[in-house]
Amino acid sequence: MSDTANISVTVNGETTAAAVPVRQNLVDFLRNTLGLTGSHVGCEHGVCGACTLEVDGAMVRGCLMLAVQADGAQITTVEGYGDRAEALRAAFVEHNALQCGYCTPGMMASALEYVEAGGQADRAAIREHLSGNYCRCTGYQSIVDAVCDVIEGESA
Amino acid sequence: MKAADFRYERPASVADALALLGDEDRDAAPLAGGQSLMPMMNFRLAQPGTLVDLSALDELRGIKRDGEVLRIGAMTRYVELVRSDLVAECVPLLALALPHIAHAAVRNRGTIGGSVALADPAAEMPALLLALDAEITVQSPTGTKTHAATDFFLGMYDTALEEGELVTEIAIPVAAETDRFSFYELARRHGDYAMAGVAVARRDGSHRIAFFSISDRALRATGAEAVLDAGGGVQEAVAALSELPFAGDLNAGEATKQHLSGVVLTRALEAL
Ligand SMILES: Cc1cc2nc3c(=O)[nH]c(=O)nc-3n(C[C@H](O)[C@H](O)[C@H](O)COP(=O)(O)OP(=O)(O)OC[C@H]3O[C@@H](n4cnc5c(N)ncnc54)[C@H](O)[C@@H]3O)c2cc1C
Ligand code: FES
Ligand code: FES
């Protein structure tokens, strides 16, 4: 039997208490226990970025954090970005910045962090910031276009 | 894959953490940012009996200037170093290199102490600390020791850290205005581990050159340092690298590592 721990987390604004196996990672807890399957799981070793989500205001790898470590944390997933990501969502649609959509939740998380931190519409800087997120479909061009558009739109 | 089962503890003090780590029945490992340990556990390359999560140890976090030294707590995250005005002002070499260490989401959790304790031969931090003449403080249940960075990194994932000890602090001399620094790495994708990289520091005409990802550990190139100290040129310094114990990895063989060392050193010196 796995050791378990009692945690309380606020996910997308809603506070939940749960007993979690201590070996369970955060993204599995969100997907399997809370049914929030928006965050994806690819590599489980931090490389692909599909599981990127927000914990206490910072975008992190959901596969490299244990659910028990999130006790007391504020978590936001792609289901919960709401108005914050409205412009990004529209730009992703407009630019076809997704095809299969596997990378999209993590890509949105990283892009949102960049935009909210006041990042410039500089393609090289955007690519650098998104370098930890793999996309196997789009070739990245359209994703960078979308992020540029959002930033230019906001500064216009 | 998922991590094998373990027990989990989040001690509230360094003393409690050391007591857990010293309990032989537990087969315990410290967990810092988890950005290297969690992947190793998910691959079952690491299967600690107990994980000792250091995240509640606020005493191990923080950046402060103490006279002519900058003291950085082991649990300080990369992102905190990136955003720190003190780091930019007192240790410009770190500020130059930090954006190259992993990706933003990894920097949001990875810690300086975790990188130092791990001693990945491809990691930037050990080489930076060699070039900066830093000191590493470790604590055990019986006391505190300070190692010069030059005596700390012993081999692949091998350091002077002993079983049950914790890295607690990294101390870096504050740069003088006349000091010059340069950093250059070649990576396939920004934020990935480099194929070869180098950090260079020049203080009062004296050079320190430290490479990473070219051997089984971060290495100083003392031959090339001596060439530059004596007023020699870039080509001569590059020639002096042939004495280094190059070693291949998954990215590139020994000969390629040697070639790339010359490339990164040349580019770093051009920017010095
Ligand atoms: C996709 C990806 C890309 C990366 N790219 C790079 C890169 O380009 N360059 C780079 O340098 N790193 C890279 N990393 C690794 C990252 O920087 C790690 O965070 C760092 O190496 C380890 O820090 P951590 O705090 O996460 O340590 P952990 O993963 O928590 O711990 C690492 C090891 O150190 C031990 N440990 C941790 N803290 C202490 C302590 N205070 N005292 C004693 N032992 C301790 C642990 O038991 C473990 O064995 C990458 C990681 C990922 C996932
Ligand atoms: S699943 Fe977490 S980074 Fe790939
Ligand atoms: S849209 Fe398919 S992986 Fe990015």
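Data block above holds the structure.
Residues numbered from 1 in each chain as written. Chains lettered and ligands numbered in written order. Predicted model: local features only at pLDDT ≥ 70, side-chain atom pairs only at ≥ 80, totals over all residues. Heavy atoms only, no water.

Chemist: Any chance you could explain the overall build of chain B here in plain terms?
Modeler: The helix and strand inventory of chain B stands at 11 helices and 14 strands. Here the C-alpha radius of gyration of chain B, 19 Å, is about what a compact globule of 272 residues would show, namely 19 Å. Each principal axis of the C-alpha atoms in chain B carries an extent, and together these give about 55 × 45 × 30 Å. Expressed as a percentage of its 272 residues, the buried residues of chain B come to 55%. Of all intrachain contacts in chain B linking residues separated by at least 6 positions in sequence, the fraction that spans at least 24 positions is 60%. Carbon and sulfur atoms provide 48% of the accessible area of chain B, an area that totals close to 11400 Å². (Helix = DSSP H or I, 4+ residues; strand = E, 2+ residues; numbered from the N terminus. Rg over C-alpha atoms; globule rule 2.2 N^0.38 Å. Buried < 20%, exposed > 50% of the residue type's maximum accessible area, 1.4 Å probe, protein only. Contact = heavy atoms within 4.5 Å. Areas by Shrake-Rupley, 256 points an atom, 1.4 Å probe, with all protein chains shown as cover.)

Chemist: How do you make sense of the site of ligand 1 when you look at a structure like this?
Modeler: Residue and element names in this part refer to chain B. Within the structure, ligand 1 sits among 35 residues, and Pro30, Gly34, Leu37, Thr111 and Glu124 are positioned closest to it. Within the backbone of Ala32, one N or O atom sits 2.8 Å away from an oxygen atom of ligand 1. Within the backbone of Gly33, a nitrogen or oxygen atom sits 2.8 Å from an oxygen atom of ligand 1. When ligand 1 is considered free in solution it has 970 Å² of accessible area, and contact with the protein chains removes 94% of it. Broken down by secondary-structure element, the contributors of at least two residues to the shell around ligand 1 are β2 (28–31), α7 (112–118) and β10 (166–173). Ranked by residues supplied to the shell around ligand 1, first place goes to α7 with four residues. Considering only residue class, the shell around ligand 1 consists of 19 nonpolar, 13 polar and three charged. (Near = heavy atom within 4 Å. Polar contact = N/O pair within 3.5 Å; in protein donor to acceptor, adjacent residues only side chain to side chain. Nonpolar A, V, L, I, M, F, W, Y, C, P; charged D, E, K, R; others polar.)

Chemist: Sorry, what's going on with the side chain of Ser110 of chain A here?
Modeler: Along the chain, Ser110 of chain A turns up in helix α3 (residues 104–116). Each residue touching Ser110 of chain A, except ones within four places of it in the same chain, is listed here: Thr52, His129, Leu130 and Asn133 of chain A.

Chemist: In this structure, what is going on with helix α11 (residues 254–270) of chain B? I would like to understand it.
Modeler: Spacing of three or four residues puts side chains on the same side of an α-helix, whose turn is 3.6 residues. Residue and element names in this part refer to chain B. The end-to-end C-alpha separation of α11 is 25 Å, in line with the 24 Å expected for 17 residues at 1.5 Å each. Within the sequence span of α11, burial applies to Lys257, Leu260, Ser261, Gly262, Val263, Val264, Leu265, Ala268 and Leu269. Buried residues along α11 sit against β11 (180–186), β12 (196–203), β13 (206–212), α9 (222–229) and α10 (234–239). (Expected span 1.5 Å × (residues − 1).)

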